[in-house]
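# Observations on the three-dimensional arrangement
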Amino acid sequence: MRPFTYDRADAVPAALRAAGSGASSYLAGGTTLLDLMKLDVMRPERVVDITPLASRLGGIEAGPQGLRLGALAHMSAVADDAMVRRDYPVIAESLALAASGQLRNMATLGGNVLQRTRCNYFRDVSYAACNKRRPGSGCSALDGVTRLHAVLGTSEHCIASYPGDFAQALLALDGTVELEGPQGPRRIPFAELHRLPGDTPHLETTLAPGELITGFGVPPLPWARRSVYLKVRDRESYAFAVASAAVALDLDGGRVREARIALGGVATRPWRAREAEAVLAGQVLDEAAAQRAAEAAFRDARTHGDNDFKPELGRRTLVRALFQAQRLGA
Amino acid sequence: MTTQPTPGVVGRRSLLGSGAVSAAAPLLAVAPAAAQPTPILKETAVLDLVLRVNGQEHRLALDPRVTLLDALREELGLTGAKKGCDQGQCGACTVLLDGRRVLSCLTLAARAAGGAVTTIEGLATEDGGLHPMQQAFLDHDAFQCGYCTPGQIMSAIGCVQEGHAGTPDEIREAMSGNLCRCAAYPNIVAAIEQAKPQMAGRRTERG
Ligand SMILES: Cc1cc2nc3c(=O)[nH]c(=O)nc-3n(C[C@H](O)[C@H](O)[C@H](O)COP(=O)(O)OP(=O)(O)OC[C@H]3O[C@@H](n4cnc5c(N)ncnc54)[C@H](O)[C@@H]3O)c2cc1C
Ligand code: SF4
Ligand code: FES
Ligand code: FES
């Protein structure tokens, strides 16, 4: 690991000040940052430990404004929260099915949404070509092993998949991100946090340098009780999604008033499947309608050989998730 | 300690980083790292910190890069926590930090300063009486080579304390972050089921 200066911030202004200079990184749970620093993929010169902010930014609150989750809340705390499990099951499930017990105790929501891709060529610096790691160097995955790579939102410069789970839940529920930066506070739709790779895959988010995530908001949505996170992976536990679906359904008898769908494991960023949502609106949710929605979600999929199976796996995952949500009592 | 803004971190002093340059390069201490494209040599600070492990306080001067796992093993001689992968993937390095199971390989020692660390060495009583989870692992032969065992036991205690040991299925899910190459899994689940009721009312917070 390269040398760095360690700082600990116990208030937001102190954190912003400490991170103000050049190559600095906030340290929350460290489960992405330290891992990638050991691999020499991330190279901050200053590490600003923000874990003391948990006393102010670690809360889980529900009210008429909806749900508010502090950026420093641990994955495990939110996954185990009785209110979140009852009113926003898709959030609790996306967190409970992620990583391991130890990692969920360490990792925070803010760090979680900013986790980096698991593309092996990104994580292994002995591969010279990786546009995400070294802009302009090429992409080793394009003629490498692509089994876990994305089929939606790819570009000729990067096909790495976004690996997280929680982001899909936030996206499906129209979540927001609260930020504090040198320019003051702002709030953006969660849908605007992550970028498509395009020709700048090294730019993954719309955060300004040094900007701090302070929390997440989810607007009130009574029918979020009818929501699920379905995660399909290579082993039954402790593995990243090969394909996943976050689904929330507003049902009027057998008919869909509104459907919310976000897909994981298959796309370069957290992926909202609005075409699939549109297919379902006003329809009776039966096998044919679910299948049409799934077709719509993957219409633009582009595969790369090893991941040719992914659109079909993704479609089946979505169909199953839709029926799982339908069966829930809301 | 009361005047310290950062709990556990009691001060820092300057020295040269891990660059392969002799001590006769005084300019390095003032060279602005930002001017170099790949700054390998730069000023870093040694952190003076207090680690509280198994009820005992240790004052250490550490490079900021030192993980809790390396501090335990290399500085304090507590080699119970194992380095399996050093990447957060195997669970062999699991310890309790303020009563919650964490991976010491992905925790900076500096970050753990101010908290209470419990390692496998801190479980038994002074007179050698084993923690119910240790005894249960013995009773059920819940290991073969033993390499993963300290991590399994610490994780198992965390799993019970978190309330995730309700059923064998729940135990298997909650323990999935601890890999065992010897595949002692069925016996590990049985051991946790045995120890769980014996742990009622008992909480391992610090040694
Ligand atoms: C073995 C393993 C398996 C995993 N499996 C899964 C899985 O199945 N599903 C899943 O979703 N995830 C999985 N993960 C990823 C894990 O969930 C993330 O590493 C974790 O959530 C990151 O959170 P953290 O608090 O540790 O972040 P850190 O590592 O501390 O930070 C991550 C990044 O975010 C920045 N950052 C952190 N907090 C803030 C903030 N408040 N504001 C601005 N920037 C911030 C940091 O500077 C850094 O760049 C796995 C990780 C490992 C190691
Ligand atoms: S897919 Fe993206 S992250 Fe992976 S090697 Fe190519 S450019 Fe790098
Ligand atoms: S050594 Fe820490 S998880 Fe493997
Ligand atoms: S007992 Fe050998 S690895 Fe678990």
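Computed from a prediction, not measured in an experiment: that's the story for all the values here. (Residues numbered from 1 in each chain as written. Chains lettered and ligands numbered in written order. Predicted model: local features only at pLDDT ≥ 70, side-chain atom pairs only at ≥ 80, totals over all residues. Heavy atoms only, no water.)

## As for the sheet that holds strand β2 (residues 24-27) of chain A
All names here are of chain A. Strand order in this open sheet of three strands is β1-β3-β2, and the pairing throughout is parallel. Unpaired on one side and paired on the other, β1 (5-8) and β2 mark the two borders of the sheet. Here the average twist between neighbouring strands, direction ignored, is 25 degrees. Bridging between β2 and strand β3 (residues 46-49) involves four bridges; their strand directions are parallel. For Ser-24, the partnering residue across the bridge sits in β3 and is Arg-46. (Pairing = 2+ DSSP bridges. Helix = DSSP H or I, 4+ residues; strand = E, 2+ residues; numbered from the N terminus. Axes fitted to C-alpha atoms, helices over the stretch in contact; angles between N-to-C directions.)

## Comments concerning the UniProt feature "domain: FAD-binding PCMH-type" (unreviewed entry) in chain A
According to UniProt, the feature "domain: FAD-binding PCMH-type" (unreviewed entry) maps to residues 1-223 of chain A in the numbering used here. Secondary structure over residues 1-223 of chain A splits into 26% helix and 18% strand, and the C-alpha atoms at its two ends are 47 Å apart. (UniProt positions renumbered as here; feature names shortened; annotations may be inferred.)

## Some words on the sheet that holds strand β4 (residues 60-63) of chain A
Residue and element names in this part refer to chain A. If you walk across this open sheet you meet the five strands as β4-β5-β8-β6-β7, and the pairing is antiparallel. Every interior strand has two partners, whereas the edge strands, β4 and β7 (184-189), have only one. Within the sheet, the average angular offset between the axes of one strand and its neighbour, ignoring direction, is 20 degrees. Of the strand pairs in this sheet, strand β6 (residues 176-181) and strand β8 (residues 212-218) are connected by five bridges, and their pairing is antiparallel. Paired with Glu-180 across the two strands is Leu-212, which belongs to β8.

## Considerations on the site of ligand 1
As a matter of local geometry, ligand 1 sits amid 34 residues, with A:Tyr26, A:Thr31, A:Thr32, A:Thr108 and A:Asp165 nearest to it. Each of chains A and B places residues next to ligand 1. A:Thr32 has a polar side-chain atom sitting 2.7 Å from an oxygen atom of ligand 1. Here an oxygen atom of ligand 1 sits 3.0 Å away from a polar atom, N or O, in the main chain of A:Ala99. (Near = heavy atom within 4 Å. Polar contact = N/O pair within 3.5 Å; in protein donor to acceptor, adjacent residues only side chain to side chain.)

## So, the packing of helix α3 (residues 132-139) of chain B against helix α6 (residues 185-198) of chain B
All names here are of chain B. Put simply, α3 and α6 touch, their axes get as near as 8 Å, and they point 145 degrees apart. Both α3 and α6 take part in a crossing whose hand is right-handed. Where α3 abuts α6, its residues Pro-132, Met-133, Ala-136, Phe-137 and Asp-139 lie against Ile-188, Ala-191, Ile-192, Gln-194, Ala-195 and Gln-198. Its residues assigned to classes, the contact of α3 with α6 shows eight nonpolar, two polar and one charged. (Left-handed = near helix turned anticlockwise from the far one by under 90°. Contact = heavy atoms within 4.5 Å. Nonpolar A, V, L, I, M, F, W, Y, C, P; charged D, E, K, R; others polar.)

## Concerning the nonpolar core
In this structure, A:Tyr88, A:Ile91, A:Val113, A:Phe166, A:Leu173, A:Phe190 and A:Phe216 are the most contacted members of the largest nonpolar core, which totals 54 residues. Counting 49 residues, the second-largest nonpolar core is a separate cluster that includes B:Cys93, B:Leu97, B:Cys105 and B:Ala113. (Core = buried A, V, L, I, M, F, W, Y, C linked by side-chain atoms within 4.5 Å. Buried < 20%, exposed > 50% of the residue type's maximum accessible area, 1.4 Å probe, protein only.)

## Points about the packing of helix α12 (residues 287-297) of chain A against helix α13 (residues 310-327) of chain A
Residues and elements named next belong to chain A. At a closest axis distance of 9 Å, the pairing of α12 and α13 adopts a crossing angle of 135 degrees. As summarised for this structure, α12 and α13 are arranged oblique, according to the angle between their axes. The two elements α12 and α13 meet at a crossing, and its hand is right-handed. Contacts between α12 and α13 involve Glu-287, Ala-290, Gln-291, Ala-293, Ala-294, Glu-295 and Ala-297 from the former and Arg-315, Leu-318, Val-319, Leu-322 and Phe-323 from the latter. Tallied by class, residues from the contact of α12 with α13 come to eight nonpolar, one polar and three charged. (Parallel < 35°, antiparallel > 145°, perpendicular 65-115°, else oblique.)

## Some words on the interface of chain A and chain B
Listed by partner, the interface residues are 36 residues for chain A and 44 residues for chain B. Surface buried jointly by chain A and chain B totals about 3,300 Å² across both partners, of which 50% is contributed by carbon and sulfur atoms. Across the chain A-chain B interface, the total number found is one salt bridge. Between B:Asp86 and A:Lys38 there is a salt bridge, and its shortest N-O distance comes to 2.9 Å. Remark: the boundary between chain A and chain B carries 18 residue pairs in polar contact (both at pLDDT 80 or more). Within the residue set of the side of chain A that touches chain B, elements represented by two or more residues are β1, α2 (33-38), α4 (75-80) and α7 (101-106) of chain A. (Buried area = accessible area lost by both parts, 1.4 Å probe. Salt bridge = Lys/Arg side-chain N within 4 Å of Asp/Glu carboxyl O.)

## What about the side chain of A:Ser94?
Its location among the elements puts A:Ser94 in helix α6 (residues 89-96). Other than its neighbours up to four places away in sequence, A:Ser94 contacts A:Asp165, A:Phe166, A:Ala169 and A:Tyr229.

## Focus: the environment of A:Ala96
With respect to the helices and strands, A:Ala96 occurs in helix α6. For A:Ala96, a relative accessible area of 31% puts it in the partly exposed group. Residues A:Ala96 and A:Leu173, 77 residues apart in the sequence, show an inter-C-alpha distance of 18 Å. The contacts of A:Ala96, once residues within four sequence positions are left out, are A:Ala79, A:Arg104 and B:Glu173.

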